[in-house]
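# Coordinates in review
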Amino acid sequence: MAADRRARSSVTQLAMSSPLPQRVSPSPWSPGSWKLTLDFGIEESSESNENAQLSSLLGEEWGTNGGRLVLSFEVLASAETMDEDDSSVQMSWLGGKPTGTVECIPQSIDNDNELCASYINEKGQQNVQISSGQWRIEPPLPLLPSYTNILPGQASTLRFYLTLATSIQRNTINFPQDQRLLLQSNTFRTEQYSSGIETLLPYQYYKDKSQKQLEEQLDHETGDRRLDGGDIFETLGGYKDVAEMVLERDEKRRKWKEVEGVLPKLDKIDTDRRVEITKLLEDEKPWGIWPGDTELVTSERGVILAVVKKESSKQKMGLFPWMQDGGVEEPVVVGKWSMLPIFDDQD
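Residues numbered from 1 in each chain as written. Predicted model: local features only at pLDDT ≥ 70, side-chain atom pairs only at ≥ 80, totals over all residues. Heavy atoms only, no water.

Looking now at the side chain of Asn186. By the element assignment, Asn186 lies in strand β13 (residues 179–189). Here the side chain of Asn186 touches Gly261 through a polar contact of 2.6 Å, landing on its backbone oxygen. Once residues lying within four places of it in the same chain are set aside, the contact partners of Asn186 are Ala155, Ser156, Gly261, Val262, Thr298, Ser299 and Glu300. (Helix = DSSP H or I, 4+ residues; strand = E, 2+ residues; numbered from the N terminus. Polar contact = N/O pair within 3.5 Å; in protein donor to acceptor, adjacent residues only side chain to side chain. Contact = heavy atoms within 4.5 Å.)

Here it is as structure tokens:
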């Protein structure tokens with residue numbers, strides 16, 4: 001136990017001798033520039049029920065044969081808000097009053113149309129107009145029923161929406177004109193991220209440690225020799241110990257899985273070594289300005305949802321469900337997104 005505590009202490013020890021990233025926002029309400037990448041398509045890890053929902057709302061052919069469509073463009077996140085119907089799907093989805101606007105930065109102008117992004121399909125280069133939307137950062141909530149309090153460093157949720165003012169199509173990926181998109185991801189300020197790593201490390205350490213111990217027990221060359229079957233009673237004792245280790249491994253993994261979705265991603269961290277949080281803050285994450293605080297922000301890879309109309313009758317008015325009139329609007333997962341900060345000076 002003493003050795004185990006020492007090992008855990010070495011994992012959670014923080015190397016904070018150097019300061020946090022020096023760049024900060026000049027004001028809590030300063031706007032920040034970001035490059036967004038929207039990656040439309042069906043994820044290999046998608047649940048079967050998600051794929052069924054996508055097929056029923058967008059059509060059975062949507063996203064098949066590995067079809068993908070990627071849009072990259074620059075946006076400005078500001079603290080200015082717009083007047084909008086509070087009963088709209090996107091406003092309800094934000095979860096509360098919006099606190100700012102996400103506005104596409106046009107890259108070119110064609111016939112007075114501001115073009116934000118472009119992509120290539122079988123007809124050549126296609127330009128895309130993208131309308132502004134509003135954003136909100138939701139504070140974290142407790143992971144009930146296991147945790148009644150918020151975990152230190154637990155992620156906030158960034159939500160915003162945009163509208164594809166231009167229809168897009170590439171292979172089996174397609175959206176109509178004026179398609180509304182809802183974007184969501186885990187987001188952290190610098191101190192929040194640092195606390196989140198410190199919270200996650202013990203869970204990840206014990207998950208990795210229990211797996212390593214089980215593998216060592218089952219190793220054919222250096223593992224438990226009782227499992228060779230030379231003595232039936234010794235073998236039964238070995239099986240019992242392995243079963244207990246499997247149960248312990250599964251419990252440690254369950255506890256880790258319960259919290260890892262709301263804490264910083266540390267998949268490549270070696271928990272057998274000292275973890276320097278300051279180095280992670282400086283090297284591992286793209287930190288940028290987002291209104292609301294002078295601390296910088298980083299965002300995990302997030303999910304994209306498209307707002308489409310669910311059929312209200314069996315009568316079809318077009319090839320795809322979104323071509324039909326009437327029905328109830330419903331969001332469906334259509335891809336992933338990520339963002340990188342843009343600074344005027346690249347020092």
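A one-sided burial pattern is seen for strand β6 (residues 117–121), the buried positions being Ala117, Tyr119 and Asn121 and the unburied ones Ser118 and Ile120. Pairing between β6 and strand β7 (residues 124–128): five bridges, direction antiparallel. In the sheet register, Asn121 faces β7, and the bridge partner there is Gly124. With antiparallel pairing between neighbouring strands as the criterion, β6 and β7 make up a hairpin whose turn holds two residues. (Buried < 20%, exposed > 50% of the residue type's maximum accessible area, 1.4 Å probe, protein only. Pairing = 2+ DSSP bridges.)

Turning next to unusual backbone geometry. Residue Pro145 follows Leu144 across a cis peptide bond; omega there is 0 degrees. Relative to the helices and strands, Pro145 resides in the loop between β9 (133–138) and β10 (156–164). The backbone of Asn65 shows a phi angle near 60 degrees, a positive value even though the residue is not glycine. Relative to the elements of secondary structure, Asn65 occurs in the loop between α2 (48–58) and β2 (69–78). Classification of Asn65 as exposed rests on a relative accessible area of 78%. Unlike most non-glycine residues, Asn171 shows phi in positive territory, near 55 degrees. You can see Asn171 is positioned in the loop between β11 (168–170) and β12 (173–175). On the accessibility criterion, Asn171 (49% relative accessible area) is partly exposed.

For the rest of this paragraph, the subject is the packing of aromatic side chains. The geometry of an aromatic ring pair is captured by two quantities: the separation of the ring centres and the angle between the planes. Scanning the model with the defined rule gives nine aromatic pairs in all. Taken together, a centroid distance of 5.2 Å and an interplanar angle of 85 degrees make the contact between Phe160 and Trp337 edge-to-face. In this pair, Phe160 sits in strand β10 while Trp337 sits in strand β16 (residues 328–342), placing the two residues 177 residues apart along the sequence. Note on Phe160: relative accessible area 0%, which makes it buried. Just above the ring of Trp256 sits the side chain of Lys207; from NZ or CZ to the centre is 4.5 Å. Of note, Lys252 hangs over the ring of Tyr206, and the distance from its end group to the ring centre comes to 5.3 Å. (Phe/Tyr/Trp six-rings, centres within 6.5 Å; stacked < 30°, edge-to-face > 60°. Lys NZ or Arg CZ within 6 Å of the ring centre and 35° of its normal.)

Residues Glu215, Glu216, Asp219 and Glu221 make up a contiguous surface patch of negative charge. You can see Glu221 is positioned in the loop between α4 (190–218) and α5 (232–260). Residue classification places Glu221 among the exposed residues on the basis of a relative accessible area of 71%. (Patch = residues over 30% accessible without salt bridge, like charges linked within 9 Å, V, L, I, M, F, W, Y side chains within 5 Å. Areas by Shrake-Rupley, 256 points an atom, 1.4 Å probe, with all protein chains shown as cover. Salt bridge = Lys/Arg side-chain N within 4 Å of Asp/Glu carboxyl O. Lys, Arg positive; Asp, Glu negative; His and termini not counted. Charge placed at Lys NZ, Arg CZ, Asp CG, Glu CD.)

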